[in-house]
Amino acid sequence: MAPLKSLLALVAVSASLLAQTASAAASAGCGKEPTLTGTSPYSLTVNNKQRQYYIKLPPAYNNTRPYKLIFTFHALGGQASQVVAGTGGYLPWYGLPALDADNTAVYVAPNGLNQGWGNAGGEDLAFTDAMIGAVEADLCIDTAHRYSTGFSYGASMSYAIACARARAFRAVAVLSGGPMSGCTGGTDPIAWYNQHGVSDQVLPFALGRQMRDQFVANNGCTQKTAPEPAKGSGTHIKTVYDGCKYPTTFVAFDGPHTPQPMDKGSSTTFSADESWAFFQQFKQE
Ligand SMILES: *[C@@H]1O[C@H](CO)[C@@H](O)[C@H](O)[C@H]1NC(C)=O
């Protein structure tokens, strides 16, 4: 038995060394047979409340390849199942997997309490932390590449993550958000993208400017005036800030409160393209 035991120990050590050399940021789930393999909802109990989330694995999931981890939060009155299915005004997982040609990411769609992200007492941040823990223990994730996006209340939750979890996340894409999920901390730099409609009647455009200015300052960017499209112009204007510690981008669009703004004459939204372009600029080592 002794030789077999030491052989097994040797195999275990080599496996963990392999997992480490694959990438310094590889999660504990690397090398494991995964159990979070479907899109059926998974449950976690956080602060005595049962919480649910869906997972989308890339095709041909490879448990030794560290994947990006991308959170996609629904809006007020929405549900994760709509984000998964691409119904209720959402593109599937905010349209990102369709652009992820190299299958680089694992996607997570969580369900809010009361269909929102009030984050009372930080409970939705605690839920986010718990999902990171559960997913990364089971799947092979590059822990230097966690991202978050969402529209409206889902954008507010992504903003709350930028405020409170800037060191744990690589970047956020905040689509027509506001401060409804709070902003604990709120001074750390993090790669920041937000877009907002100049005719937003639900969360005024001024909120988009305000959140942008906060992260322009946090990221130490050179101040500059971000042009805004005229109402009726049917365009969007992207401003990329210079001199920032991390990339910082703002898109002002001629449009209302919508997850899928479109330029005049276009039948597809620029939201997914811009969010994906923003996220994929960060290369894995
Ligand atoms: C799985 O991922 C590892 C690490 O990226 C890579 O070396 C290997 O070729 C991949 N295996 C397959 C079957 O693609």
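Above this text you will find the structure in question.
We now turn to the structure provided with this report. This is a predicted model, so every value here is computed, not measured.

## Description of the environment of Ser275
Looking at where Ser275 falls in the secondary structure, it is placed in helix 6 (residues 271-280). Relative accessible area serves as the criterion here: at 2%, Ser275 is assigned to the buried category. Along the chain, Ser275 and Met211 lie 64 residues apart, while their C-alpha atoms are 17 Å from each other. Excluding its chain neighbours within four sequence positions, the residues that come into contact with Ser275 are Leu96, Ala173, Leu175 and Tyr193.

## Side note on the side chain of Ser152
Tracing the backbone through its elements, the reader meets Ser152 in the loop between strand 5 (141-151) and helix 4 (153-164). By relative accessible area, which is 9% here, Ser152 ends up buried. If we skip the residues at most four places from it in the chain, Ser152 touches Ala75, Leu175, Ser176, Gly177, Met180, Leu203 and His257.

## Focus: the state of the cysteines
For the structure shown, the criterion picks out three disulfides. Paired by a disulfide, Cys163 and Cys183 hold their sulfur atoms 2.1 Å apart. Taking the sign of the S-S torsion, about -95° here, the bridge from Cys163 to Cys183 comes out left-handed. Pair noted here: Cys163 is in helix 4 and Cys183 is in the loop between strand 6 (171-175) and strand 7 (191-197), with a separation of 20 residues, a long-range link. For Cys163, a relative accessible area of 2% puts it in the buried group. At a sulfur-sulfur separation of 2.2 Å, the disulfide partner of Cys221 is Cys244. As the torsion about the S-S bond is roughly 120°, the Cys221-Cys244 disulfide counts as right-handed. A residue pair is termed long-range when its members are at least 10 positions apart, and Cys221 in the loop between helix 5 (205-218) and strand 8 (236-240) and Cys244 in the loop between strand 8 and strand 9 (248-253) qualify at 23 residues. Neither residue differs from the other here; Cys221 and Cys244 are each classed as buried. With its disulfide-bonded cysteines labelled consecutively along the sequence, the protein is connected as 1-2, 3-4, 5-6.

## Re the packing of helix 3 (residues 123-138) against helix 4
Where helix 3 contacts helix 4, the two axes come as close as 11 Å, and the packing angle between them is 80°. As summarised for this structure, helix 3 and helix 4 are arranged roughly perpendicular, according to the angle between their axes. Contacts between helix 3 and helix 4 involve Asp124, Leu125 and Thr128 from the first element and Met157, Ala160, Ile161 and Ala164 from the second. When its residues are assigned to classes, the contact of helix 3 with helix 4 shows five nonpolar, one polar and one charged.

## Some words on the pairing of strand 5
A regular strand places its side chains on the two faces of the sheet in alternate fashion. Burial runs high along strand 5: nine of the 11 residues are buried. The pairing of strand 3 (residues 67-73) with strand 5 spans six bridges and is classified as parallel. If you follow Phe71 over to strand 5, its bridge partner there is Ser148. Pairing analysis gives five bridges linking strand 5 to strand 6, with the strands arranged parallel.

## Focus on the sheet that holds strand 1 (residues 42-46)
Strand order in the open sheet made by the nine strands is 1-2-4-3-5-6-7-9-8, with mixed pairing throughout. Sheet topology places strand 1 and strand 8 at the edges, where each strand pairs with a single neighbour. Ignoring strand direction, the axes of neighbouring strands in this sheet form an average angle of 20°. Strands strand 1, strand 2 (49-56), strand 3, strand 4 (105-110) and strand 5 of the sheet are contacted by helix 3, whose axis makes an angle of about 50° with strand 2. Together, strand 3, strand 5, strand 6 and strand 7 form the strand contacts of helix 4, whose direction differs from that of strand 5 by roughly 140°.

## Description of the packing of helix 4 against helix 5
Orientation of helix 4 relative to helix 5, taken along the N-to-C sense of each, is 20°, at an axis distance of 12 Å. Taken together, the axes of helix 4 and helix 5 are roughly parallel relative to one another. As helix 4 packs across helix 5, the resulting crossing turns out to be left-handed. Where helix 4 abuts helix 5, its residues Tyr159, Ala162 and Cys163 lie against Met211, Gln214 and Phe215. Counted by class, the contact of helix 4 with helix 5 contains five nonpolar, one polar and no charged residues.

## Some details on the packing of aromatic side chains
The relative placement of two aromatic rings is captured by the distance of their centres and the angle of their planes. Scanning all chains against the criterion turns up 16 aromatic pairs. Ring plane angle 40° and centroid distance 5.9 Å describe the contact between Tyr42 and Tyr53, whose orientation is recorded as tilted. Note that Tyr42 is positioned in strand 1 and Tyr53 in strand 2, a separation of 11 residues in sequence. Classification of Tyr42 by relative accessible area gives buried; the value is 16%. With a relative accessible area of 2%, Tyr53 lands in the buried category. Aromatic side chains Phe71 and Phe169 sit 5.8 Å apart centroid to centroid with 50° between the ring planes, which places their arrangement in the tilted category. With Phe71 in strand 3 and Phe169 in the loop between helix 4 and strand 6, this pair connects stretches of sequence that are 98 residues apart. The cationic tip of Arg212 hangs over the ring face of Phe250; the distance from NZ or CZ to the ring centre is 4.6 Å.

Cut-off values and rules
- Residues numbered from 1 in each chain as written.
- Predicted model: local features only at pLDDT ≥ 70, side-chain atom pairs only at ≥ 80, totals over all residues.
- Heavy atoms only, no water.
- Helix = DSSP H or I, 4+ residues; strand = E, 2+ residues; numbered from the N terminus.
- Buried < 20%, exposed > 50% of the residue type's maximum accessible area, 1.4 Å probe, protein only.
- Contact = heavy atoms within 4.5 Å.
- Disulfide = S-S within 2.5 Å.
- Axes fitted to C-alpha atoms, helices over the stretch in contact; angles between N-to-C directions.
- Parallel < 35°, antiparallel > 145°, perpendicular 65-115°, else oblique.
- Nonpolar A, V, L, I, M, F, W, Y, C, P; charged D, E, K, R; others polar.
- Pairing = 2+ DSSP bridges.
- Left-handed = near helix turned anticlockwise from the far one by under 90°.
- Phe/Tyr/Trp six-rings, centres within 6.5 Å; stacked < 30°, edge-to-face > 60°.
- Lys NZ or Arg CZ within 6 Å of the ring centre and 35° of its normal.

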